[in-house]
Amino acid sequence: MIYLDNNATTPIDERVLDAMLPFLKNYYGNASSLYRLGRLSRTAIDIARGQVAALVDIRSEQVIFTSGGTEANNLALTALPPQAKLAISAIEHPSVTEPALQLKNKGHGLSIIAVDSSGYIMQEAIDGLLQCPPALVSIMLANNETGVVQDVARYAGQLRAHGVKVHTDAVQALAKMPVSFKRLGVQLMSLSSHKIYGPKGCGALVVEKGTAIAPVLLGGGQEQELRAGTENVAAIVGFGKAAELAKLELDARTEYLLKLRCLLEQNLETIPGLMLFSRDANRLPNTVQFGIHGMDGEMLLMRLDQKSIAVSSGSACASSGGKPSPVLTAMAMDEALAKSAIRISLGKTNTEVEVIQFINVLKSLLCQV
Ligand SMILES: Cc1ncc(COP(=O)(O)O)c(C=O)c1O
């Protein structure tokens, strides 16, 4: 099996699994319990909080552990004050767009920030927003489909000067590029564990001191009373370990992924009718999305699956709907080309041999249609 869908999820790192196992077997104490077994869990959570904080350049107490990026994004939007206006970019993950639409249905104003054909936020759209500034803006740091990285620091600076709070979804950017909460200048940032070789079902919302959010889950005092529920200690320990490894290995991973991506792109570009999306944009080192004129992306995905190659035909959540991806639609892409989209997201366990095997299989499949 050649797994080329690391933006959907990553295989767990063996070292992460080793760190987690004791908390699944022997150290099962509830972190709120006062006896030794409970205190062991509490200490493990504190260590993990420090590891996640170190990766994104913040203090530990700014990390609110959640069940993942989806919950972190939902929680972030609670920073919108009553009656206030919200703005989100046109290419956000559904875990931002759907709560935003719900807020709109409840009477909040909602503006959508346009992107250009490369997938970049348009400065004119930000300038337009500032005519009548919203209270909260959500702009993702890197897109899950195209891999395009936004200049969040620049927009956050402009918005902040007008008293606007900024949230960034850094789920895809984390561990693929340096992510400094301070340098981004945002007030809220979402993270997820399973995109960085950690376990699924764990993530965090980073909150700047003084930024008010309201808990989505009620019924316990955990996570500074912002996220009730007994902590998933093993998963949190795994997320912490994955963050520690990412910090240590970021440069080496980036260099390796860029080498693989370059090999992949050079070979893809020899295929007639194939178009690389956002080719010249600043993209994550692992992500390549392309379309092939006259092809159906879902069908190609299934044929690759039959050859034991896992790719995505766009965002995992949008696949199977039969509609072109909302991200590519926002980039004003031709509908037929958008429907032919295939996303390759490389990971640290992929090899050059796998990239070449993928290319060979792809070429042979294209000869058959
Ligand atoms: C950009 C982005 N944000 C949020 C999420 C949701 O994260 P999780 O799967 O941890 O809920 C994803 C997952 O695909 C994502 O790509």
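Residues numbered from 1 in each chain as written. Predicted model: local features only at pLDDT ≥ 70, side-chain atom pairs only at ≥ 80, totals over all residues. Heavy atoms only, no water.

## Focus: the overall build of the protein
Inference 1: In terms of helices and strands, the protein carries 13 helices and twelve strands.
Inference 2: Relative to the 2.2 N^0.38 estimate, which gives 21 Å for 369 residues, the radius of gyration of the protein is 21 Å and therefore close to what a compact globule would have.
Inference 3: C-alpha atoms of the protein, sized along the principal axes, occupy 65 × 55 × 35 Å.
Inference 4: Looking at the 369 residues of the protein, the share that counts as buried comes to 55%.
Inference 5: Within the protein, contacts between residues at least 6 apart in sequence are counted, and of these 71% link residues at least 24 apart. (Helix = DSSP H or I, 4+ residues; strand = E, 2+ residues; numbered from the N terminus. Rg over C-alpha atoms; globule rule 2.2 N^0.38 Å. Buried < 20%, exposed > 50% of the residue type's maximum accessible area, 1.4 Å probe, protein only. Contact = heavy atoms within 4.5 Å.)

## Quick notes on the pairing of strand β4 (residues 110–113)
Inference 1: By the bridge criterion, four bridges tie strand β3 (residues 86–89) to β4 in an arrangement that is parallel. Within β4, the residue paired with serine 89 across the bridge is isoleucine 113.
Inference 2: For the crossover that starts at β3, traverses helix α4 (residues 94–105) and ends in the parallel β4, the hand is right-handed. (Pairing = 2+ DSSP bridges. Right-handed = clockwise from strand over helix to strand, strands pointing away.)

## Points about the environment of alanine 8
Inference 1: Inspection of the secondary structure puts alanine 8 in the loop between β1 (2–3) and α1 (14–25).
Inference 2: For alanine 8 and proline 199, which are 191 residues apart along the polypeptide, the C-alpha to C-alpha distance reads 13 Å.
Inference 3: Among residues more than four places away in sequence, those in contact with alanine 8 are Tyr3, His194, Lys195 and Arg343.

## Describing the sheet that holds strand β7 (residues 188–192)
Inference 1: A sheet is described by the order of its strands in space; here seven strands give the open sequence β2-β8-β7-β6-β5-β3-β4, paired in mixed fashion. Because the sheet does not close on itself, it has two edges, and the strands there are β2 (63–66) and β4. Pairs of neighbouring strands in the sheet enclose a mean axial angle of 20 degrees, with direction left out of account.
Inference 2: In this sheet, β7 lies alongside strand β6 (residues 165–169) in parallel orientation, the contact comprising three bridges. Residue pairing across strands places aspartate 169 opposite serine 190, the latter belonging to β7. (Axes fitted to C-alpha atoms, helices over the stretch in contact; angles between N-to-C directions.)

## Details of the pattern of salt bridges
Inference 1: Scanning the entire structure with this criterion turns up 19 salt bridges.
Inference 2: Between arginine 15 and aspartate 13 there is a salt bridge, with its nearest N and O atoms 2.9 Å apart.
Inference 3: According to the relative accessible area criterion, arginine 15 is partly exposed, its value standing at 35%.
Inference 4: Residue classification places aspartate 13 among the buried residues on the basis of a relative accessible area of 6%.
Inference 5: One salt bridge connects aspartate 57 with lysine 182, and the closest N-O pair in it is separated by 3.6 Å. Linking aspartate 57 in the loop between α2 (36–56) and β2 with lysine 182 in helix α7 (residues 181–184), this pair joins segments that are 125 residues apart in sequence. (Salt bridge = Lys/Arg side-chain N within 4 Å of Asp/Glu carboxyl O.)

## Re the domain arrangement of the protein
Inference 1: What the domain assignment lists for the protein is domain 1 (2–9 + 249–368) and domain 2 (14–245).
Inference 2: Between domain 1 and domain 2, the C-alpha centre-to-centre distance is 27 Å.
Inference 3: In this assembly, 29 residues from domain 1 lie in contact with 30 residues from domain 2.
Inference 4: Between domain 1 and domain 2 lies a buried interface of about 2,600 Å² when both sides are counted; carbon and sulfur atoms form 53% of it.
Inference 5: For the domain 1 face of the interface with domain 2, the top three residues by lost area are Leu284, Val327 and Met331, together amounting to 22%. (Domains from an automatic or database assignment. Buried area = accessible area lost by both parts, 1.4 Å probe.)

## Re the site of the ligand
Inference 1: Near the ligand there are 14 residues, and of these Gly69, Thr70, Asp169, Ser192 and Lys195 occur at the shortest range.
Inference 2: Threonine 70 places a polar side-chain atom, nitrogen or oxygen, 2.6 Å from an oxygen atom of the ligand.
Inference 3: Here the ligand has 390 Å² of accessible area as a free molecule, and 86% of this is covered by the chains.
Inference 4: Considering each element in turn, the shell around the ligand owes the most residues, three residues, to helix α3 (residues 69–76).
Inference 5: Taken together, the residues of the shell around the ligand break down into two nonpolar, ten polar and two charged. (Near = heavy atom within 4 Å. Polar contact = N/O pair within 3.5 Å; in protein donor to acceptor, adjacent residues only side chain to side chain. Areas by Shrake-Rupley, 256 points an atom, 1.4 Å probe, with all protein chains shown as cover. Nonpolar A, V, L, I, M, F, W, Y, C, P; charged D, E, K, R; others polar.)

## Comments concerning the side chain of glutamate 265
Inference 1: Counting through the fold element by element, glutamate 265 comes out in helix α9 (residues 233–268).
Inference 2: Glutamate 265 gets classed as buried once you look at its relative accessible area, which sits at 7%.
Inference 3: Setting aside residues no more than four positions away along its own chain, glutamate 265 makes contact with Leu276, Arg279, Arg283 and Val288.

## Here's the deal with the pairing of β3
Inference 1: Side chains of β3 alternate between two faces, with Leu86 and Ile88 and Ala87 and Ser89 buried alike.
Inference 2: As defined by bridge partners, β3 adjoins strand β5 (residues 136–138) across three bridges and the pair is classed as parallel. Paired with isoleucine 88 across the two strands is serine 138, which belongs to β5.

## Some points on the packing of helix α10 (residues 297–306) against helix α13 (residues 352–368)
Inference 1: Relative orientation of the contacting elements α10 and α13 amounts to 120 degrees, with a least axis distance of 11 Å. When the axes of α10 and α13 are compared, the pair comes out oblique. Our pair here, α10 against α13, has a crossing hand that is right-handed. Contacts between α10 and α13 pair Leu300, Arg303 and Leu304 from the former with Phe358, Val361, Leu362, Leu365 and Leu366 from the latter. (Parallel < 35°, antiparallel > 145°, perpendicular 65-115°, else oblique. Left-handed = near helix turned anticlockwise from the far one by under 90°.)

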